[in-house]
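# Summary of structural features
Below, each chain spelled out in residue letters.
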Amino acid sequence: TASEVLLLQLVRWRAGSAAWGLSRLVLGPRALGRAAGLRFARVLGSGRHGGFGLAPAFDRQGVAAFFADEDSARDFAVRSPALRARREHADDCLMLLCRASASRGSWGGHTLAVTAPAAAPGQPIASLTRASIRLRHARAFWRHTPAAQAALDAAPGCRLAVGLGEAPLLRQATFSLWDDAASMEAFSRRGAHRQASADASGRDWFSESMFVRLVPIAIEGTWHGRTFG
C-alpha cells in the first residue's frame, strides 16, 4: 500500500462511437484486460452532459482503477490496448493519476491507501466520492442532486466536475478537480453540498461509501474543450 495510485480516464465519444462505448460499459472491467499491479477497476457511465442527473449520457464514460504502484499505473496508461482504443474513439479524453492524501471507506470492498502528504497551498487537488445508495433512500438522495450540481458548477476554483455511475440510480460517484484545497474546502462548508452531506451521514443513506482527497501526479488531455496538463 506504500505507493497506491488511482488512475481515472474520462472520455466523450465521437459521433458514431456511442454504441461501441456502450459495449465497453456492458463488458465492465473485462473490457480493460489484465494488467500488472491492477487491484480494482470499474467502467463507469455518466449523467447527461457529464453531470449528476438521472438521465444518462451515452456519449460520456469513465474508467477508475486502483494500482498497487505508480509504475504499474503509468505503464497501463501508456500501453493498455483498451485505454488506447477508448482514446481513438473519443473527441475528448482526459487521463489523471492521483495519490490519496486522505481516504475513508471502500468501493466494492477495496480501500485506497493514503500515500501522499496533504496538498501544499496553491497546489491542485481532487476529490472522489462514491456511494451505494440504500434503495429506501434513493428518492431523498436524488432530490438533493439538482441544487448540489448547480452549486458545484458555480463554485470558484472548480476546474472540472463529473458525475459517474457503475449502475443506474443506486451506485454513484463524483470526481472533481480544484485549483487548491482552500477552494474545495470553501465549497464543502456551504450550501446544498453541505446539507446533502449532512443528510447522507445522519440518515444512513449509504450501504457502502468512499470519500478520497487526491493529489494529482499526472494530468493530460482534454475535457469539455479545455486542455489539461
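So, here's what we can say about the structure. What you see is a predicted model; the values in this text were computed from it and never measured.

## As for the nonpolar core
Counting residues in hydrophobic clusters, the biggest one holds 26 residues, and the most contacted among them are L10, W107, L112, L160, F175 and L214. Within the residue set of this core, elements represented by two or more residues are β1 (5-13), β2 (38-47), β3 (56-67), β4 (90-105), β5 (125-133), β6 (158-167), β7 (171-178) and β8 (206-223). Excluding residues within four positions of it along the chain, L112 makes contact with E4, L6, F66, A100, S103, M210, V212 and L214.

## Things to note about helix α2 (residues 70-79)
Among the residues making up α2, those that are buried are S72, A73, F76 and A77. Looking straight down α2, one finds its buried side chains confined to an arc of 135 degrees; they lie on one side. Residues of α2 that are exposed and angled more than 90 degrees away from the buried face: D71, V78 and R79. Against β1, β3, α3 (81-88) and β4 lie the buried residues of α2. For α2, the side-chain oxygen to backbone nitrogen distance between the N-cap and D71 is 3.2 Å, and the N-cap itself is D69.

## Some words on the packing of aromatic side chains
One pass over the full model with this rule turns up 9 aromatic pairs. With a centroid separation of 4.9 Å and 40 degrees between ring planes, the pair formed by F40 and F66 is classed as tilted. Note that F40 is positioned in strand β2 and F66 in strand β3, a separation of 26 residues in sequence. Both rings, one in W178 and one in F187, keep their centres 5.4 Å apart while their planes meet at 35 degrees; by these two values the pair is tilted. Take W178: its relative accessible area is 1%, and that puts it in the buried class. Residue classification places F187 among the buried positions, given a relative accessible area of 6%. Connected via pairs of aromatic rings, a cluster forms that spans F141, W142, W205 and F206.

## Structural notes on the environment of S106
Mapped onto the elements of the fold, S106 is located in the loop between β4 and β5. On the accessibility criterion, S106 (17% relative accessible area) is buried. Between the alpha carbons of S106 and P81 there is a distance of 28 Å; along the sequence they are 25 residues apart. Here the side chain of S106 touches E208 through a polar contact of 2.8 Å, side chain to side chain.

## Re the environment of P81
For P81, the position within the fold is in helix α3. Spatially, the C-alpha atom of P81 lies 27 Å from that of R130, the residues being 49 residues apart in sequence.

Cut-offs used in this document
- Residues numbered from 1 in each chain as written.
- Predicted model: local features only at pLDDT ≥ 70, side-chain atom pairs only at ≥ 80, totals over all residues.
- Heavy atoms only, no water.
- Core = buried A, V, L, I, M, F, W, Y, C linked by side-chain atoms within 4.5 Å.
- Buried < 20%, exposed > 50% of the residue type's maximum accessible area, 1.4 Å probe, protein only.
- Helix = DSSP H or I, 4+ residues; strand = E, 2+ residues; numbered from the N terminus.
- Contact = heavy atoms within 4.5 Å.
- Arc of directions from axis to C-beta.
- Polar contact = N/O pair within 3.5 Å; in protein donor to acceptor, adjacent residues only side chain to side chain.
- Phe/Tyr/Trp six-rings, centres within 6.5 Å; stacked < 30°, edge-to-face > 60°.

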